[in-house]
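# Breakdown of the fold
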Amino acid sequence: MHVVIMGCGRVGSTLAHNLEQLGHSVAVIDKNPEAFRRLGSDFGGLTVTGIGFERDVLIEAGVERAEAFAAVSSGDNSNIISARVAREIFGVPRVVARIYDSKRAEVYERLGIPTVATVRWTADRIMRHVLPDGHADMWRDPTSTVAIIEVPLHTDWIARPLRQLEQATGARVAFIMRFGIGTLPTASTVIQDGDQVFMLVTDDIRESVLKAAANAPEGSQ
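In this text the structure is predicted, and so the values were computed from the model without any measurement.

Attention now goes to unusual backbone geometry. For Ala-159, which is not glycine, the phi torsion reads 80° and is therefore positive. Assessed through its relative accessible area of 58%, Ala-159 is described here as exposed.

Written as structure tokens, this is what we have:
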């Protein structure tokens, strides 16, 4: 497929190379022609100098035949404007914008524009390496509302159905890791020794979920 990338910084140039290696055609837009040096001499895609939300620039980059558009420049405003133009004027089916301001990211997600809130995403990734298991987010949605966390279990949960854990915690199990393999739970899934359980939580129930899982289930001896 053809992908248009707006912004040729470190993210944009890396993304361009990765997509090209996968066999996709790529066009990169940047207002600074010197930025294209990051692509190197082996880049076989198209480079277009100009403002990423101007119609003529986008057309030159092949936006009319593009199946995806990524706005990854250093400016939130430029990214969101170009993303909206790509989606709303040219009808590109897959559009994503990098946003530094997490509050803005939440607004644009509600408008139907997928965003990557760069600062929040980076902080969450670092937190996963800094904090003990069960406290750092494995994943958080772009609006920063829902997270997936690992939930350490009391040993008495072994041999009990996951649905009982969900009832006790008030949260849903997203997936479990069993023998090093990710598994989607079913209504009949039973917790086994060694399972790592990952649950969907919001910030307001996070601590209560961790506490309920860390305690023995009701009725256990």
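Next, the rest of the story.
Another aspect to go through is the environment of Arg-94. Along the chain, Arg-94 falls in strand β5 (residues 94-99). With relative accessibility at 49%, the residue Arg-94 sits in the partly exposed group. With 28 residues separating them in the primary sequence, Arg-94 and Ala-66 have C-alpha atoms 8.9 Å apart.

Attention shifts here to the packing of aromatic side chains. For the coordinates displayed, the defined rule picks out 1 aromatic pair. Ring plane angle 10° and centroid distance 4.5 Å describe the contact between Phe-175 and Phe-198, whose orientation is recorded as stacked. Of this pair, Phe-175 sits in strand β9 (residues 172-178) while Phe-198 sits in strand β11 (residues 196-202), placing them 23 residues apart in sequence. For Phe-175, a relative accessible area of 21% translates into the label partly exposed.

Given a rise of 1.5 Å per residue, 14 residues ought to cover 20 Å, and the 19 Å separating the end C-alpha atoms of helix α3 (residues 76-89) matches this to within 8%. Asp-76, Asn-79, Ile-80, Ser-82, Ala-83, Val-85 and Ala-86 are the residues of α3 that are buried.

Counting through the fold element by element, Trp-139 comes out in strand β7 (residues 137-140). Of the residues examined, Trp-139 reaches a relative accessible area of 43% and is grouped as partly exposed. Along the backbone, Trp-139 and Ile-149 are 10 residues apart, and their C-alpha atoms lie at a distance of 7.3 Å.

Another point: the sheet that holds strand β8 (residues 146-150). If you walk across this open sheet you meet the 5 strands as β7-β8-β11-β9-β10, and the pairing is antiparallel. The open sheet terminates on both sides in strands that have one partner only, identified here as β7 and β10 (181-183). Direction aside, neighbouring strands of the sheet carry axes that sit 25° apart on average. In this sheet, β8 lies alongside β7 in antiparallel orientation, the contact comprising 3 bridges. The residue bridging Trp-139 from the neighbouring strand is Ile-148, located in β8. Helix α6 (residues 162-169) rests against β9 and β11 of the sheet, and its axis sits at about 135° to β9. This element, helix α7 (residues 206-214), spans β7, β8 and β11 of the sheet and lies at about 150° to β11.

This brings us to the side chain of Ser-13. Mapped onto the secondary structure, Ser-13 falls in helix α1 (residues 10-21). Polar side-chain contacts of Ser-13 include one of 3.3 Å to the backbone oxygen of Arg-10. What Ser-13 contacts, discounting residues up to four positions off in sequence, is Cys-8, Arg-38 and Leu-39.

Now for α7. If you check which residues of α7 are buried, you get Arg-206, Val-209, Leu-210, Ala-212 and Ala-213. Projected down its long axis, α7 shows its buried positions confined to an angular sector of 165°, all on one face. Away from its buried face by more than 90 degrees, α7 exposes Glu-207 and Lys-211. Packed against the buried residues of α7 are β7, β8, α6 and β11.

Scanning the entire structure with this criterion turns up 6 salt bridges. Glu-34 is paired through a salt bridge with Arg-37; the nearest N and O atoms lie 2.9 Å apart. Where Glu-67 meets Arg-94, a salt bridge forms, and the shortest distance between an N and an O atom there is 4.0 Å. Remark: Arg-94 occurs in strand β5 and Glu-67 occurs in the loop between α2 (55-60) and β4 (68-71); sequence separation between them is 27 residues. Here the salt bridges share partners, and the residues they tie into one network are Arg-84, Arg-87 and Glu-88.

Thresholds applied
Residues numbered from 1 in each chain as written. Predicted model: local features only at pLDDT ≥ 70, side-chain atom pairs only at ≥ 80, totals over all residues. Heavy atoms only, no water. Buried < 20%, exposed > 50% of the residue type's maximum accessible area, 1.4 Å probe, protein only. Helix = DSSP H or I, 4+ residues; strand = E, 2+ residues; numbered from the N terminus. Phe/Tyr/Trp six-rings, centres within 6.5 Å; stacked < 30°, edge-to-face > 60°. Expected span 1.5 Å × (residues − 1). Pairing = 2+ DSSP bridges. Axes fitted to C-alpha atoms, helices over the stretch in contact; angles between N-to-C directions. Contact = heavy atoms within 4.5 Å. Polar contact = N/O pair within 3.5 Å; in protein donor to acceptor, adjacent residues only side chain to side chain. Arc of directions from axis to C-beta. Salt bridge = Lys/Arg side-chain N within 4 Å of Asp/Glu carboxyl O.

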